[in-house]
Every structure is written in structure tokens, then in C-alpha cells.
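Secondary and tertiary structure notes
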Amino acid sequence: SDFGNKIKTTSDQGFIICSSIMDERNLQSAKIMKLDKGGNIVWDKIFLWNFEGTFINNVEEVSDGGFMVCGSDGYQQTKAIIAKLDASGELVWKKDFYPTDLLDYRWFMNDLKQTSDKGLVLLMNKSYLYSGPEDQIGGWIMKCDEKGNF
């Protein structure tokens, strides 16, 4: 089954869609589709970067014509991820945000915007997998460069 997360207009008047697909084993993969202005599929990519599931929450066209995606990896969603795709939807790089001293957390990368220096500002949430103090959960805003380095 498929379920959509975001659809946005691209600079060529087409559309970029990020969604998820669930296979017969209940494994979730990320699906990114580029459509032309008539709604015809230009490319359709499926990404599974973790054998326990990949979740994409948002996609953003960037100034070089490629796309940035953000989400999380793993069944428990313990790694926030950002990835750069080229204009053809091919993976250029992928980065994980996974603080090793905070192993009991779930990390969700929810949104991203390109900044004037071509870096990214990122909005993410963290919560506990099992239990913990309420003051340790909440939203984070982070900045990285155009290569995803924090």
C-alpha cells in the first residue's frame, strides 16, 4: 500500500512527491516521484536505507536542481536522516543524525529548507523509545552545510 506525505511544485512547473510504500512484510520504504507539469511520471524511485524501514517526511527542491529529503531510519526510527538526490532522483549522499550517547531516543527529521548559503535548516523531533523525563523530548532546529555536515 502507498501513502503520501508531501507534494510540491518544482521550478519546471512539475511536481515532486514524497510518500511511503508498505510491502507484504510490513516493511516501509520511501518513494520519491517526479512528475512533469502534465502529471506524467518523469522518474519514480524507491529507497530502503535500513533493513528495518525508511520513512521520508519531506522533500525540497534546492538551487542546483536536485532535491533534499528528510525523515528517519529503522523500525523504531532511531536515526534521523537527510539525503541529497540529483535532478534525476539518484542518491548523491545520505547523512544520519544519531547521537551515540542518546540511545533511548527516537529521532524524526520533519522539515528542511535551503538557506542563502546553500546549507540547510532542519526541523526535527525527539522522543523516548521506552521511558524518560518529559523535559528531554521536543523539537530541535539544526543547521548543516550543503553536504549535510552539522
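Below you will find a few notes about this structure. Just so you know, these numbers come straight off a predicted model, no measurement behind them.

Rules used in this analysis
- Residues numbered from 1 in each chain as written.
- Predicted model: local features only at pLDDT ≥ 70, side-chain atom pairs only at ≥ 80, totals over all residues.
- Heavy atoms only, no water.
- Pairing = 2+ DSSP bridges.
- Helix = DSSP H or I, 4+ residues; strand = E, 2+ residues; numbered from the N terminus.
- Axes fitted to C-alpha atoms, helices over the stretch in contact; angles between N-to-C directions.

1. A word on the sheet that holds strand β10 (residues 120–128)
Taken together, the three strands give an open sheet; going across it, the order is β9-β10-β11, and neighbouring strands pair in antiparallel fashion. At either end of the open sheet lies a strand with only one pairing partner, and these are β9 (105–114) and β11 (138–144). Across the sheet, the mean angle separating the axes of adjacent strands is 25 degrees when strand polarity is ignored. Strand direction decides the pairing type here: β9 and β10, joined by nine bridges, are antiparallel. Bridging from a neighbouring strand, K113 pairs with V121 of β10.

2. Examining the pairing of strand β4 (residues 41–47)
Judged from the six bridges that link them, strand β3 (residues 28–35) and β4 form a sheet pairing that is antiparallel. In the sheet register, A30 faces β4, and the bridge partner there is F47. Following β3, the chain reverses through five residues before pairing antiparallel with β4; G39 in that reversal takes a positive phi of roughly 85 degrees.

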